[in-house]
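Summary of structural features
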Number of protein chains: 4
Amino acid sequence: VAHQVGIVGASGYGGAELVRLLGAHPGLDLTVIAAHTQAGEPVRRLFPNIVGDVVFDPIDLDRLAGLDLVFIATPHAPALELAPQLVEAGTRVVDLSAGFRLAPAAFATWYGEEHPRPDLAPEPASARAAQGDGAPAPGARGSVSRAVYGLTEFARQTVAGARLVANPGCYPTATLLALVPLAPLVVPGSIVVDAKSGTSGAGRGLREDLHHPHAHGDVTAYGAPTHRHTGEIETWLSALGGEPLGAVSFTPHLVPTVRGLLATCYADLRGGVTEHDIASAYADAYASEAFVHVREMGSFPHTKALSGSNGCQLAFVTDPRTGRVVVSSAIDNLGKGAAGQALQNANLMLGLEEPTGLSAVGVYP
Amino acid sequence: VAHQVGIVGASGYGGAELVRLLGAHPGLDLTVIAAHTQAGEPVRRLFPNIVGDVVFDPIDLDRLAGLDLVFIATPHAPALELAPQLVEAGTRVVDLSAGFRLAPAAFATWYGEEHPRPDLAPEPASARAAQGDGAPAPGARGSVSRAVYGLTEFARQTVAGARLVANPGCYPTATLLALVPLAPLVVPGSIVVDAKSGTSGAGRGLREDLHHPHAHGDVTAYGAPTHRHTGEIETWLSALGGEPLGAVSFTPHLVPTVRGLLATCYADLRGGVTEHDIASAYADAYASEAFVHVREMGSFPHTKALSGSNGCQLAFVTDPRTGRVVVSSAIDNLGKGAAGQALQNANLMLGLEEPTGLSAVGVYP
Amino acid sequence: VAHQVGIVGASGYGGAELVRLLGAHPGLDLTVIAAHTQAGEPVRRLFPNIVGDVVFDPIDLDRLAGLDLVFIATPHAPALELAPQLVEAGTRVVDLSAGFRLAPAAFATWYGEEHPRPDLAPEPASARAAQGDGAPAPGARGSVSRAVYGLTEFARQTVAGARLVANPGCYPTATLLALVPLAPLVVPGSIVVDAKSGTSGAGRGLREDLHHPHAHGDVTAYGAPTHRHTGEIETWLSALGGEPLGAVSFTPHLVPTVRGLLATCYADLRGGVTEHDIASAYADAYASEAFVHVREMGSFPHTKALSGSNGCQLAFVTDPRTGRVVVSSAIDNLGKGAAGQALQNANLMLGLEEPTGLSAVGVYP
Amino acid sequence: VAHQVGIVGASGYGGAELVRLLGAHPGLDLTVIAAHTQAGEPVRRLFPNIVGDVVFDPIDLDRLAGLDLVFIATPHAPALELAPQLVEAGTRVVDLSAGFRLAPAAFATWYGEEHPRPDLAPEPASARAAQGDGAPAPGARGSVSRAVYGLTEFARQTVAGARLVANPGCYPTATLLALVPLAPLVVPGSIVVDAKSGTSGAGRGLREDLHHPHAHGDVTAYGAPTHRHTGEIETWLSALGGEPLGAVSFTPHLVPTVRGLLATCYADLRGGVTEHDIASAYADAYASEAFVHVREMGSFPHTKALSGSNGCQLAFVTDPRTGRVVVSSAIDNLGKGAAGQALQNANLMLGLEEPTGLSAVGVYP
């Protein structure tokens, strides 16, 4: 029989993409589609791709607690409240918000508030070890596990045993998939990440800069150097890469498309590192992965190739003149960057085949 | 065991969409991906969403003839040659080209050439009867059936028994789904169809007007009043509608998106026809359809809601001031307008559940 | 010395386009840039193309009344109040709103409210006569003239003498330029206008359907059959065309670009009308016009060619099968459809050369 | 009387933008619009914004040599032949190609061919000195001057006296305007330039990756680390900045718009450099410039604000965590990045006011 799952925050883009994906999933039964302010409204009013008469459910803790797994796709504030309640009630949670992605100190730095549940916040320092040796998730000795940072390809084992998975942010996902395998090969402090995202990354809330007449045909940087994903990238690049790589320059840009995120990453190579070393590092990391594809050297990926999918494509070049490696990594920000990866993690948590209901093949052209 | 299928003309957009859909289809095994000039080339070179090392196959008649069903996604000239050979070899064919959509006389008028196989061309006049009473497809008494025009919702029974299905064009699909149910309610000769298509409808061939700097931000009409789909619309609107509706004004436009086709259709209402009559006609036609959804009156459909799907959404209004009905009908031109409907037909021809491997839910936003 | 002009409602797109055009105008001095809610804010905050420290002025009637001409680019409600005050103070006004485009009865029908100043509303029935014989504008005998409907090419003489010009709407401008010359050649009641507009036509106000993730890649009809421009089209097509042409089916669409409006117009031809008659009618109307260009038959115009300009391009075909003429007419909705035509009218009202500060050449590609 | 000017290579986008700009220029008379393969064709066939019957002229050296100034907008190979002939005939030349932007050795490195006229190639090492002290252009002592690299704001004096101006490339223009003022403040070898360009930058030639269905909605890196503009950036950053700044990592990207180029530049700050130092450097460089505007710190520029203009907008932030400065610089690649700057240079060369016929205000929205 299918597992019963629900979504809280289904009126946002991440939630709506989960509605779409779960509607075609053979092993999960989507029984709650909850949204705070939209409760009672037909889903199709916000998302015209969803036909029929389904309406948004209210957020009913008892009902959610009876499910096998809940996807939380709200902002981080309500997630910080809701996730612990569900976990403590025995329900598995994949949290797409930023609530449980950072250790408490880093959370305070980047989000400007104390973490209300430091006991559930992840422990980046031990993440690699936990994954590497198949040990139980950090904190599993207590009654409730700490959150696991769910960059699936680098946390498969801990995700499988987790009660609470912090689903990575869109920029961190593309960036970490590009850089984690190179961690031992690059110079700490030398990393620059220049990222470009379609407008869906900014969410469904109306904003002047997302008004179509303004965003169409426009390219602009924003948020640097203090975008909150900077802290997430730094934390997990060092933690999953197993090397202290220091501060990262991260500049996100808005580009005039809807889905698609490209992170172009620059780093100084350590002495003696060759193209072959880099190619080997990627092959070791991804040769048997279903969703991450390393393209031929210099054949940079196209975001559009991933549209609607859970795939990531990346390619690198080295530049002997500057001593740098340049890696460009593409995802669908709502796919591998949000709902796709959340479902990939949920599959693992529920004992299903990891790729069930997911595809690496985007809708192209 | 899965049915073995192949694609000829897989290097075009219709073919490539079939590659994508068949890759996720649980009951069909895509064993041949053939393309004339691209044979031997990796598919991913043309379609970066298809990762891996699969290459285009050459067009090998013997190999194709051994399959259960072949999708032909070439231009009509090669299809007119290939389809009869395959059908005569016992292989089912879904032909996405215009080769077998018109009776010989209409084909000569609109395509400027004699039809080489009039014995296989469809018989529009008898299409409705064949569908209505569940009789075998016209011509089925001979060893090889005539082509069946595969607007699935109006040809389900004949498609199921067909050896050769002529898959409808993109503009005719959107238009006919909007107008066939209204055929008895509108005035012959009064129909105007103003259609808007994304640029993928024009195909993969490079053209000045499809060069991104030219097509981006541009809207233009083209092809009127002699676009070839005009003849297809007229033929099948009268044939499937069961009423001689006369000539149609059809003007296609290119709009600056890739997927998505909207047909806005105008017709004078016959005396006494009410909104209720129109709503009833649509309900009769589509209430139990999986892929065609009639929206609330005046809530016009959004093409983007169908992107990547096999769905069609439509809505109408009446205008007492002019005595006209206005219907707007949206599809993905590569989905219900090409590859999606082709697969819908193939499912029927092979005895599978009609919606297998298809969705009515587009990738949105 | 330059004439002193001002803009009220400069925070909307029509107003902002006037700011841009007037900034490069050699004979007009833009001294007031007023906006109600934005007063005191730097213009560049809303419009990043306007650099420097200019701020929006408050709406100060005394200051405005001292100018030679004021452009009103507000919604119609404030325009209905402000325009009469300015006109009575002796200031010329070009009103871009819909306040003075219709006779009082039609205004009440389409806008659902009584016209507060029927004495200033235009008299469509006499518009053609006034223009044709060079007589002074209707109402000019009194101390204050009635509004003149400023479709410049058909109202040049009355505009030149007017105190209050009602600048046409964007859809009516493209449609009337296509159809007014054909008025004697087409069958009353047979006209269908299917129009497509970029999103800037909907204005600067944030809306769900104009959120970039929703509008990008989408095409949709809206507003039919009761869009307010329908009444304006009907009124002035008959008035300027000199023939009672009856009700018109008008369906606007939103297409995923920002500037650009295409009106594709269908009409039954009266008996015996030939292509030559149509070509002659257009040549008579536009052969010596600077801003309206009739393209070769069937070479339909591209909206993008007009971007940022005051030009209009149109082309027609006839269809012997249906007996219809199809005309497609392209403008920039903010150019000839709003600010450009407003400036063209202002030039005439102030005795300047009509094309001063305007161009028919769009920014392309 | 107006100066007589001509364009060679008018069928490309740079040339066509010059046609548009010169059509509205009060002091220049465009008498030759030449294009090699398009000679005899109506301009409007390629560029629908240009109405009327003007046809492309053949390339007639005698006729060109009689003009006051010729814009060469061909690829570099024909420019390398044509420019010397015109200069030696006494005609001023603004060359938009890459033919004369680099010293011979660098040209050989980046373009893979010997420079055929090393005597006319520029001398980067002396460029700053020449500009700084108002001395005549390098090489001016001979009968024919060496080419002057025409980044106008840093070469005003030498441009004014030049016979041959090498108009900068689009990427170098945006990058150099961002970085030249900071040359003394940043660490050599630390510079990363991540640039994003609309598709018009790739030219009018049809290409698979510029086919609308492929380019729409897509973002991709290309050309790194050996894009030819890399050498131009390195050469002139050191030359105009007056500091040897070493190799630069340059990665261009294609983004789904037509006009608009954004260069986001990263550099390590030298010890003790403050935000105030950076702001001062920019103020010194641009406070009195008409076309370069430095925005408030962190208020990153929007490419769309420059569309159709000759303006450049830039903004910076510093990041104490990484010790880097990040500067984002926006232009219209066909404006300040090509035709606009070419006209700015031509104005200087012909003794006209530098901004004549140009605007810093883009068409927005």
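Heads up: the structure comes first, above all this text.
Residues numbered from 1 in each chain as written. Chains lettered and ligands numbered in written order. Predicted model: local features only at pLDDT ≥ 70, side-chain atom pairs only at ≥ 80, totals over all residues. Heavy atoms only, no water.

1. Focus: the interface of chain A and chain C
This is how it is decided: Throughout, a residue-residue contact means that at least one pair of heavy atoms, one from each residue, lies within 4.5 Å. When two parts are brought into contact, each loses some accessible area as probed by a 1.4 Å sphere; the total of that loss over both is the buried area. Basic side-chain nitrogens of Lys or Arg form a salt bridge, by our definition, when they fall within 4 Å of a carboxyl oxygen of Asp or Glu. Whenever a nitrogen or oxygen atom comes within 3.5 Å of another N or O atom, the pair is scored as a polar contact, on the condition that within protein one atom can donate a hydrogen and the other can accept it, and that pairs from neighbouring residues in sequence are kept only if both atoms are in side chains. A run of H or I in DSSP counts as a helix once it spans at least four residues, and a run of E counts as a strand once it spans at least two, with each numbered from the N terminus. Ten residues, namely Ala, Val, Leu, Ile, Met, Phe, Trp, Tyr, Cys and Pro, are considered nonpolar, four, namely Asp, Glu, Lys and Arg, are considered charged, and the remaining ones, Gly among them, are considered polar.
The interface of chain A with chain C comprises 19 residues on the first partner and 19 residues on the second. Both sides together, the interface formed by chain A and chain C hides about 1,800 Å², and carbon and sulfur atoms give 60% of it. On the chain A side of the contact with chain C, A:Leu206, A:His211 and A:His212 bury the most area, a combined 37% of that side's loss. With its nearest N and O atoms 3.4 Å apart, the salt bridge here joins A:Arg204 to C:Glu208. The interface formed by chain A and chain C includes 10 residue pairs in polar contact (both at pLDDT 80 or more). The biggest single contributor to the side of chain A that touches chain C is helix H9 (residues 212-215) of chain A, with 4 residues. Here the residues of the side of chain A that touches chain C are counted per class, giving 7 nonpolar, 9 polar and 3 charged.

2. Overview of the pairing of strand S10 (residues 261-268) of chain C
Residues and elements named next belong to chain C. Cut-off, in case you're wondering: Categorising residues by exposure relies on relative accessible area from a 1.4 Å probe, with only protein chains included: less than 20% of the type maximum marks a residue as buried, more than 50% marks it as exposed, and the intermediate range marks it as partly exposed. Here the rule is simple: two strands pair whenever DSSP picks up at least two bridges between them.
Within S10, 7 of the 8 residues are buried, which leaves it mostly tucked inside the rest of the structure. Relative to S10, strand S7 (residues 192-197) is paired through 6 bridges, and the arrangement is antiparallel. If you follow Asp 194 over to S10, its bridge partner there is Thr 264. Where S10 meets strand S13 (residues 324-331), 8 bridges bridge the pair, whose relative direction is antiparallel. Paired with Ala 263 across the two strands is Ser 329, which belongs to S13.

3. Section: the relation of the copies chain A and chain C
So the rule is basically this: To line up the copies, we fit them by least squares on C-alpha atoms, keeping just the residues with pLDDT of at least 70 in both.
The transform that puts chain A on chain C rotates by 180° and translates by 0.0 Å along the axis, for an RMSD of 0.0 Å. Expressed as an axis order, the relation between the two copies is that of a two-fold axis. Every residue of chain A has its C-alpha some distance from the rotation axis, and the shortest such distance is that of A:His212, at 2.1 Å. Taken together, the interface assignments show that 100% of the residues at the interface of chain A recur at the interface of chain C, consistent with an identical surface on both copies.

4. Re helix H5 (residues 104-111) of chain C
All names here are of chain C. Inclusion rule: Note that the arc is defined by the directions from the helix axis to the C-beta atoms.
What H5 keeps buried is the set Ala 106, Phe 107, Trp 110 and Tyr 111. Taken down its axis, H5 places every buried residue within 105° of arc, on the same side. Within H5, the exposed residues directed more than 90 degrees away from the buried face are Ala 105 and Thr 109. Considering only its buried residues, H5 is in contact with helix H4 (76-88) and helix H10 (229-241).

5. A word on unusual backbone geometry
Of note, the bond from A:Ala224 into A:Pro225 is cis; its omega dihedral lies within 30 degrees of zero at 0°. On the secondary structure map, A:Pro225 appears in the loop between strand S8 (220-221) and helix H10 (229-241). Of note, the amide linkage connecting D:Tyr364 to D:Pro365 takes the cis form, showing an omega dihedral of 0°. By the element assignment, D:Pro365 lies in the segment after helix H12 (335-349).

6. A look at the packing of helix H8 (residues 170-179) of chain B against helix H12 (residues 335-349) of chain B
When two helices pack together, their arrangement is given by the angle between their axes and by how far apart the axes lie. Residues and elements named next belong to chain B. The cut-off we apply is this: Note on method: axes are straight lines fitted to C-alpha atoms, helices fitted across the in-contact stretch only, with angles between N-to-C directions ranging 0 to 180 degrees. An angle below 35 degrees is treated as roughly parallel, one above 145 as roughly antiparallel, one from 65 to 115 as roughly perpendicular, and anything else as oblique.
At a minimum axis separation of 8 Å, H8 and H12 run at an interaxial angle of 100°. In terms of orientation, H8 and H12 fall into the roughly perpendicular class. Of H12, the residues touching H8 (which contributes Cys 170, Thr 173 and Leu 177) are Lys 336, Gly 337 and Gln 341.

7. A look at the sheet that holds strand S3 (residues 69-72) of chain A
Residues and elements named next belong to chain A. As summarised here, the arrangement of the 6 strands in space is S2-S1-S3-S4-S6-S5, forming an open sheet in which the pairing is parallel. Each having just a single partner strand, strand S2 (28-34) and strand S5 (148-149) make up the two edges of the open sheet. Relative to strand S6 (residues 164-166), S5 runs parallel, the two being bridged by 2 bridges. For Val 148, the partnering residue across the bridge sits in S6 and is Val 165.

8. Quick word on the interface of chain D and chain A
Listed per partner, the contact involves 49 residues of chain D and 49 residues of chain A. Both sides together, the interface formed by chain D and chain A hides about 3,700 Å², and carbon and sulfur atoms give 53% of it. Linking chain D to chain A there are 4 salt bridges. Here D:Lys196 ties to A:Asp194 by a salt bridge, and the two come within 2.9 Å at their closest N and O atoms. Run the count over chain D and chain A and you get 34 residue pairs in polar contact (both at pLDDT 80 or more). For the side of chain D that touches chain A, the secondary structure elements donating two or more residues are strand S7 (192-197), helix H9 (212-215), strand S8 (220-221), helix H10 (229-241), strand S9 (249-254), strand S10 (261-268), strand S12 (312-319) and strand S13 (324-331) of chain D. The element contributing the most residues to the side of chain D that touches chain A is S7(D), with 4 residues. Along the lines of polarity and charge, the residues of the side of chain D that touches chain A split into 22 nonpolar, 18 polar and 9 charged.

9. Focus on the environment of A:Thr251
For A:Thr251, the position within the fold is in strand S9 (residues 249-254). Exposure remark for A:Thr251: the relative accessible area of 1% places this residue in the buried category. For the pair formed by A:Thr251 and A:Leu206, sequence separation is 45 residues and the distance between their alpha carbons is 23 Å. Here A:Thr251 is in contact with A:Val193, A:Asp194, A:Ala195, A:Ala221, A:Ala224, D:Thr264, D:Tyr266 and D:Val326, once residues within four sequence places are set aside.

10. A look at helix H12 (residues 335-349) of chain A
All names here are of chain A. Put simply, the test is: A helix is expected to span 1.5 Å for every residue after the first. Two axes enter the definition of the bend at a residue: one is fitted to the seven residues ending there, the other to the seven starting there, and the bend is the angle between them.
Counted at 1.5 Å a residue, the expected span for H12 with its 15 residues is 21 Å, but the 18 Å between its end C-alpha atoms falls short. At Gln 341, H12 is deflected by roughly 45°, the largest bend along its length. Judged by how many residues are buried, H12 sits mostly within the fold: 15 of 15 residues are covered. Where H12 terminates, the next one or two residues include Gly 351, which has phi positive at roughly 80°.

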